[in-house]
Amino acid sequence: MTRRDNLPGILRIAPSLLSADFARLGEEVAAVVDAGADLIHFDVMDNHYVPNLTIGPLVCDAIRPYAKVPIDVHLMVKPVDALIPMFAQAGASIISFHPEASDHVDRSLQLIRSLGVKAGLVLNPATPVSWLDHVMDSVDLILLMSVNPGFGGQRFIESTLPKIEAVRKRIAATGRDIWLEVDGGVKADNAARVASAGADTLVAGSAVFGAGVPYRDAIGALRRQAEAGRAEARHAIV
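Owing to the predicted nature of the structure, the values given are computational and were not obtained by experimental measurement.

About the cut-offs
- Along each chain, numbering runs from 1 in the same order as the chain's sequence is written.
- In keeping with the model being predicted, local features are shown solely for residues with a pLDDT of at least 70 and side-chain atom pairs are shown and tallied solely at 80 or more, while totals for entire chains, interfaces and linings include all residues.
- To obtain the side-chain values, all non-hydrogen atoms of the structure were used and water was disregarded.
- For two strands to be treated as a pair, DSSP must find at least two bridges joining them.
- Numbering of helices and strands runs from the N terminus, with a helix taken as a DSSP run of H or I at least four residues long and a strand as a DSSP run of E at least two residues long.
- For helices, the fitted axis covers only the stretch in contact; all axes are lines through C-alpha atoms, and the angles between them, taken along N-to-C directions, range from 0 to 180 degrees.
- Should any heavy atoms of two residues lie within 4.5 Å, those residues are counted as being in contact.
- Counting of polar contacts relies on pairs of N or O atoms within 3.5 Å, with two restrictions inside protein: one atom must be capable of donating a hydrogen and the other of accepting it, and residues adjacent in sequence are counted only when both atoms are side-chain atoms.
- Salt bridge, as applied in this entry: a Lys or Arg side-chain nitrogen positioned within 4 Å of an Asp or Glu carboxyl oxygen.
- Each residue's exposure class comes from its accessible area (1.4 Å probe, protein chains only) as a fraction of the maximum for that residue type: buried when under 20%, exposed when over 50%, partly exposed otherwise.
- Angles below 35 degrees are treated as roughly parallel, those above 145 as roughly antiparallel, those between 65 and 115 as roughly perpendicular, and all remaining angles as oblique.
- Should the near helix be turned anticlockwise from the far one by less than a right angle, the crossing is termed left-handed; should it be turned clockwise, right-handed.
- Side-chain classes follow a simple rule in which Ala, Val, Leu, Ile, Met, Phe, Trp, Tyr, Cys and Pro form the nonpolar group, Asp, Glu, Lys and Arg form the charged group, and the remainder, Gly included, forms the polar group.
- The rule is short: rings of Phe, Tyr and Trp, with Trp giving its six-membered ring, pair when the centres are within 6.5 Å, and they are stacked under 30 degrees, edge-to-face over 60, tilted in between.
- Two conditions define a charge located above a ring, namely a distance within 6 Å from the ring centre to NZ of Lys or CZ of Arg, and an angle within 35 degrees of the ring normal.
- For a helix, the expected span equals 1.5 Å multiplied by the number of residues minus one.
- By convention a crossover is right-handed if, when the strands point away from the viewer, the path from the first strand over the helix to the second runs clockwise.

Caption draft 1: Examining the sheet that holds strand β1 (residues 12-15) more closely. Ordered in space as β1-β8-β7-β6-β5-β4-β3-β2, the eight strands form an open sheet in which the pairing is parallel. The sheet is open, and its two borders are formed by β1 and β2 (40-45), each paired with just one other strand. Across the sheet, the mean angle separating the axes of adjacent strands is 25° when strand polarity is ignored. As defined by bridge partners, strand β7 (residues 179-183) adjoins strand β8 (residues 201-204) across three bridges and the pair is classed as parallel.

In structure tokens form, the structure reads like this:
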């Protein structure tokens with residue numbers, strides 16, 4: 001039996017617009033899509049749930065013509081429900097939120113899905129995996145934060161790795177195709193470990209937009225390292 005025989009077959013790279021040039025946002029979106037991005041990660045911060053203020057549904061709608069891939073909206077806002085329909089209308093393909101930001105987590109998940117959008121739940125570094133116990137049938141994506149949310153460019157928190165493994169086991173037990181996304185400090189030098197632990201979707205901001213190399217090279221480096229990590233994990237015998 002292989003060590004990681006429950007790893008998914010598809011790997012996705014999702015550049016985070018938080019690190020993009022906001023003066024050229026449409027061009028930046030088109031450039032990373034042309035460079036091989038599988039998703040566009042769209043961080044929404046309200047200076048309330050997190051100590052930063054970013055962008056809203058009007059910007060999501062504005063970039064939609066440039067995004068030929070799904071737009072992955074991460075709501076770091078509280079309360080959350082009022083913004084869900086706005087982002088669904090603005091073109092989000094996925095909407096994820098933090099359980100601490102909702103009075104009724106299952107109701108928020110069902111609201112997202114009722115709008116024809118994939119629903120995700122986000123766990124901060126200190127948020128226990130037990131939040132997932134009663135909603136696994138209602139989530140399409142689980143996003144694990146590997147930094148404390150609010151700012152880009154932070155260092156990856158190593159204790160996220162066993163948490164990825166724990167969530168991957170829960171996903172495998174359901175038999176459902178639930179995406180497992182990791183966001184925060186993901187770079188080419190740790191992408192192999194993140195992917196081998198069980199992540200199938202890697203969010204990268206500064207590792208793409210701030211890498212100092214062409215976006216195709218930055219995305220390619222992340223993908224190669226992640227695929228190598230998964231290949232090694234699949235062949236590791238326990």
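Next comes the rest of the account.
Caption draft 2: Molecular detail of the environment of Lys78. With respect to the helices, strands and loops of the structure, Lys78 is situated in the loop between β3 (71-76) and α3 (83-90). Sequence separation between Lys78 and Ala101 is 23 residues; the distance between their C-alpha atoms is 4.8 Å. Once residues lying within four places of it in the same chain are set aside, the contact partners of Lys78 are Asp46, His48, Tyr49, Glu100 and Ala101. In terms of polar contacts, Lys78 uses its side chain to reach the backbone carbonyl oxygen of Glu100, at 3.4 Å.

Caption draft 3: Spatial organisation of the side chain of Lys163. Locating Lys163 in the fold gives a position in helix α5 (residues 160-174). A distance of 2.7 Å separates a polar side-chain atom of Lys163 from the backbone oxygen of Asn124.

Caption draft 4: Main features of the pattern of salt bridges. If you walk through the whole model with that rule in mind, you get 12 salt bridges. Close ionic contact of Asp140 with Arg113 constitutes a salt bridge, the shortest N to O distance being 3.3 Å. In this pair, Asp140 is assigned in the loop between β5 (118-123) and β6 (141-145) and Arg113 in helix α4 (residues 105-114), connecting sequence segments 27 residues apart. With a relative accessible area of 30%, Arg113 lands in the partly exposed category.

Caption draft 5: Representation of the packing of helix α1 (residues 25-34) against helix α8 (residues 215-234). Two numbers describe how α1 lies on α8: the axes approach to 8 Å, and their chain directions differ by 50°. With respect to α8, the element α1 is oriented oblique. α8 is crossed by α1, and the crossing has right-handed handedness. Taken together, the residues of α8 that come into contact with α1 (itself represented by Glu28, Ala31, Val32 and Asp34) are Tyr215, Arg216 and Ile219. Partitioned by chemical class, the residues of the contact of α1 with α8 number four nonpolar, no polar and three charged.

Caption draft 6: Representation of the packing of aromatic side chains within the structure. All chains considered together, the criterion is met by two aromatic pairs. Aromatic side chains Phe42 and Phe87 sit 6.0 Å apart centroid to centroid with 65° between the ring planes, which places their arrangement in the edge-to-face category. One end of the pair, Phe42, is in strand β2; the other, Phe87, is in helix α3, and 45 residues separate them in sequence. A relative accessible area of 0% means that Phe42 is categorised as buried. With a relative accessible area of 0%, Phe87 lands in the buried category. For the cation-ring pair, Arg12 lies above Trp179, with the distance from its terminal atom to the ring centre recorded as 3.6 Å. A cation over an aromatic ring shows up here: Lys118 above the ring of Trp179, its NZ or CZ 5.8 Å from the ring centre.

Caption draft 7: Region of interest: α8. Its 20 residues give α8 an end-to-end C-alpha distance of 29 Å, which sits within 8% of 28 Å, the value for a rise of 1.5 Å per residue. Along α8, the residues that are buried comprise Tyr215, Ala218, Ile219, Gly220, Leu222, Ala226, Gly229, Arg230 and Ala233. Those residues of α8 that are buried lie in contact with β1, α1, α6 (191-197), β8 and α7 (206-209).

Caption draft 8: View of the pairing of β5. The buried count for β5 comes to five of six residues, which makes it a mostly enclosed element. The pairing of strand β4 (residues 94-97) with β5 spans four bridges and is parallel. Residue pairing across strands places Ser96 opposite Gly120, the latter belonging to β5. For the crossover that starts at β4, traverses α4 and ends in the parallel β5, the hand is right-handed. Relative to β6, β5 runs parallel, the two sharing four bridges. Following the sheet pairing, Leu123 is matched in β6 by Leu144.

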